[in-house]
Amino acid sequence: MEKVARLASKHWLIAMVLFSIYGVQVCPFLEAQTPLQLLLPIIISFLVTLLARRFACLAIESKPKERQVKAQFTLDLSLFLIMSASIVSYNLVMFEPPWESNLKVILGLAALGFYVAADLALFKEWQIAQELESAGQHLLIKAKPNSLSQKFAAFAAASAVVLAGVIFLVINKDLDWLVNVGSDLYPIEVAQRYIVIELSFVLLVVLAYVLRVISSYSRNLKRLLENENRSLAMVQAGQLDTQVTISSSDEFGLIAQRTNSMIASLQRSTLSLQQTRDIAIHSLATLAETRDNETGAHILRTQYYVKALAETLQNEQGFSNLLSPQIIDLIYKSAPLHDIGKVGIPDAILLKPGQLDDEEWQIMRQHPEIGANALAEAERQFGSEDAAFLQFAKEIALSHHEKWDGSGYPEGLAGSDIPVSARLMALADVYDALISKRVYKPAFSHDKAKQIILEGKGSHFDPAVVEAFCRCEQQFVEIANQYSDKPE
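Cut-offs and rules
- Think of each chain on its own: its residues are numbered from 1, step by step along the sequence as written.
- Per-residue local features of the predicted model are confined to residues with pLDDT of at least 70, and side-chain atom pairs are confined, for both listing and counting, to 80 or more; whole-chain, interface and lining totals are unaffected and use all residues.
- Excluded from the side-chain calculation are hydrogens and water; included are all heavy atoms of the structure.
- Helix numbers and strand numbers start at the N terminus; a helix is a DSSP run of H or I with at least 4 residues, a strand a run of E with at least 2.
- For every residue, the accessible area (1.4 Å probe, protein chains only) is compared with the maximum for its type, and the residue is labelled buried under 20%, exposed over 50%, or partly exposed between those bounds.
- Should any heavy atoms of two residues lie within 4.5 Å, those residues are considered in contact.
- The Shrake-Rupley method, run with a 1.4 Å probe sphere, supplies the accessible areas, and residue values consider only the shown protein chains as cover.
- Helix span, expected: 1.5 Å multiplied by one less than the number of residues in the helix.
- Throughout, the protein atoms alone are placed on a 1 Å grid, and a set of points is a cavity if a 1.4 Å probe fits but cannot get out or a pocket if it is open with protein on both sides within 12 Å along at least five of seven lines; lining residues have an atom within 4 Å of a point.
- Grid points are joined across faces, edges and corners, and a volume is the space filled by probe spheres set on the points.
- Three classes are used: nonpolar for Ala, Val, Leu, Ile, Met, Phe, Trp, Tyr, Cys and Pro, charged for Asp, Glu, Lys and Arg, and polar for all others, with Gly counted as polar.
- Axis geometry follows a simple rule: fit a line to the C-alpha atoms, using only the stretch in contact for helices, then measure angles between N-to-C directions, giving values from 0 to 180 degrees.
- Geometric relationships in this document are graded by angle, where less than 35 degrees denotes roughly parallel, more than 145 denotes roughly antiparallel, 65 to 115 denotes roughly perpendicular, and other angles denote oblique.
- The sense of a crossing depends on the near helix, which, turned anticlockwise from the far helix by less than a right angle, makes the crossing left-handed and, turned clockwise, makes it right-handed.
- Excluding any residue in a salt bridge, patches collect residues exceeding 30% relative accessible area, merging like charges within 9 Å and nonpolar Val, Leu, Ile, Met, Phe, Trp and Tyr side chains within 5 Å.
- Should a side-chain nitrogen of Lys or Arg be within 4 Å of a carboxyl oxygen of Asp or Glu, the pair is scored as a salt bridge.
- Here a polar contact means two N or O atoms within 3.5 Å. Within protein one must be a hydrogen donor candidate and the other an acceptor candidate, and residues neighboring in sequence count only if both atoms are side-chain atoms.
- Between rings of Phe, Tyr and Trp, where Trp is taken as its six-membered ring, a pair exists when centres lie within 6.5 Å; planes separated by under 30 degrees are stacked, by over 60 edge-to-face, and by other angles tilted.
- Counting as a charge over the ring demands two things of the Lys NZ or Arg CZ atom: a distance within 6 Å of the ring centre and an angle within 35 degrees of the ring normal.

### A closer look at the overall build of the chain
Looking only at helices and strands, the chain has 18 helices and zero strands in total. Within the chain, buried positions represent 44% of all 488 residues. Long-range contacts, defined as pairs at least 24 residues apart, comprise 72% of the intrachain contacts of the chain with a sequence gap of at least 6. Per element, the accessible surface of the chain, about 25400 Å² overall, is 60% carbon and sulfur.

Shown next as structure tokens:
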């Protein structure tokens, strides 16, 4: 509100100076008055209406934001009309001027009031847009919003009337001046120069105000378009957590409203697709687990272990680019498919209650490639861009049994050649196997499992992942407790 008040004070001061010059240039009656007689009613009227404006603006601030801009315009134009009425009334009482002079006062102040009110209303609209953006709020748009074409037509028509009317009054004044004063007192060259100066003054004032209003509207329009383009760019990049601020009650407000509806529709569709994807992943993972001696809670625990490790590592040097929030989410969603290849292992081996012999173990070691090949085929069918999680699911399925020192399988990868997603899953999978009961071993305590993992640092596991595990081990304990196996 203070910014609008300061701008209004500047407008009032400029208008007061311009109207004083206008009075002398356009109206012979006003020109005949002394400076005190001319300026006293003008100064008093401007100061009183400016003071009244400050109090009236308090009432405007209490209105809904949808009505404030129009109320602002109506207030400022009305104050200038009140000024014209007060100055005309003063002159009628004190000097009895001709009706033409009164008409010139009314037209001059009405013209100034129209442009001042338009500029202040546009600034108020810009300020409201700023407040709405900061608060994350929107204007309520009517079923039939204000028409931009009607606004432009009204502004153009008003400007044409003002320009034509004021120029007519200037020319009429100059003709009257030539008739009554006589060309004998002033050479024709002097008369021409005076007329050109007066017309130039009026044209420059009107042009300056028109350009000022156009500049203010362009500023507001630029803000609307930037907000619209910013949100659309975010949507194009796949970021649907955005909205266009609805800050105008015209067609641009309606466009913003429809853009927000479109984004909300995309959010619902995307959420539905994500839920379908998650259900499919969980169903496939659960199906794979039903053929194994492990329980369905294993996929939940390892999924959350991987997420805890990734979030702990994401700000570490060398991992920030590899573990963005979006990538972490994809790894988290893909983790349940790490053992999907076990569906291709014969039951006699997969469900064997004891230790596997060498031949059986070689067959069991094929499950990473079986799973990765199945996921690679799905990736070829649907494309990595349309199903980005398949890339990480394939990495995890193929490489989660690789070891940091290169002694793992199926490809014997070592060090950073092992995908980050697989390095995370390697630790998560081993930890869960250690704390879980198996037919060939009892469940180990967290401390025992931690000791074994620390012994594997730099050989089995990525040292950075082990360090991350030590920093978030309490999360591992909580996850294990929350998703513990139900007693048989």
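### So, helix α15 (residues 420-435)
For α15, built from 16 residues, the straight-helix expectation of 22 Å at 1.5 Å per residue is met to within 8% by its first-to-last C-alpha distance of 23 Å. Counted residue by residue, α15 has 14 buried out of 16 residues, so it is predominantly covered.

### As for empty space enclosed by the protein
Tallied over the entire structure, the rule returns five cavities of 30 Å³ or more. Of the volumes computed, that of the largest cavity is approximately 160 Å³. Secondary structure elements with two or more residues in the lining of the largest cavity: α1 (2-26), α5 (99-135), α6 (148-181) and α7 (188-236). Broken down by element, the residue count for the lining of the largest cavity peaks at five residues, all from α7. Along the lines of polarity and charge, the residues of the lining of the largest cavity split into 13 nonpolar, one polar and no charged.

### So, the packing of α15 against helix α16 (residues 446-455)
Contact pair α15 / α16: the axes reach a minimum separation of 9 Å and the direction vectors enclose 140°. One element, α15, and the other, α16, form an angle in the oblique class. Crossing of α15 against α16: the hand is right-handed. Residue-level contacts link L427, Y431, L434 and I435 of α15 to H446, A449, I452 and I453 of α16.

### Quick notes on a nonpolar patch on the surface
Nonpolar side chains collect at one region of the surface, where L204, L207, L211 and I214 lie side by side and expose about 390 Å² of accessible area between them. With respect to the helices and strands, the residue L211 is situated in helix α7.

### Quick word on the packing of helix α9 (residues 297-313) against helix α18 (residues 473-482)
Here α9 crosses α18 at 160°, and the two axes come no closer than 10 Å. Here α18 runs roughly antiparallel to α9, going by the angle between their axes. Read as a crossing pair, α9 and α18 show a hand that is right-handed. Taken together, the residues of α18 that come into contact with α9 (itself represented by R301, Y304, Y305, A308, L309 and T312) are Q475, F476, I479 and A480. Residue composition of the contact of α9 with α18, grouped by class: seven nonpolar, two polar and one charged.

### Some points on the side chain of N260
Relative to the helices and strands, N260 resides in helix α8 (residues 251-290). Take N260: its relative accessible area is 7%, and that puts it in the buried class. Separated by 2.6 Å, the side chain of N260 and the backbone nitrogen of V244 make a polar contact. Excluding its chain neighbours within four sequence positions, the residues that come into contact with N260 are H138, Q243, V244 and I246.

### Thoughts on the packing of aromatic side chains
Under the defined criterion, the tally for this structure stands at 17 aromatic pairs. Their ring planes at 80° and their centres at 6.1 Å tell us that Y115 and F155 sit as a pair that is edge-to-face. Here Y115 is found in helix α5, whereas its partner F155 is found in helix α6, with 40 residues between them in sequence. Ring centres 4.5 Å apart and planes at 5° place the aromatic pair Y305 and F476 in the stacked group. In this pair, Y305 is assigned in helix α9 and F476 in helix α18, connecting sequence segments 171 residues apart. On the basis of relative accessible area, Y305 is assigned to the buried category, the value being 0%. Overall, the relative accessible area of 0% leaves F476 in the buried class. A connected cluster of aromatic rings, assembled from ring pairs, spans F73, F114, Y115, F155 and Y209. Sitting over the face of the ring of Y332, K307 holds its NZ or CZ atom 4.8 Å from the ring centroid.

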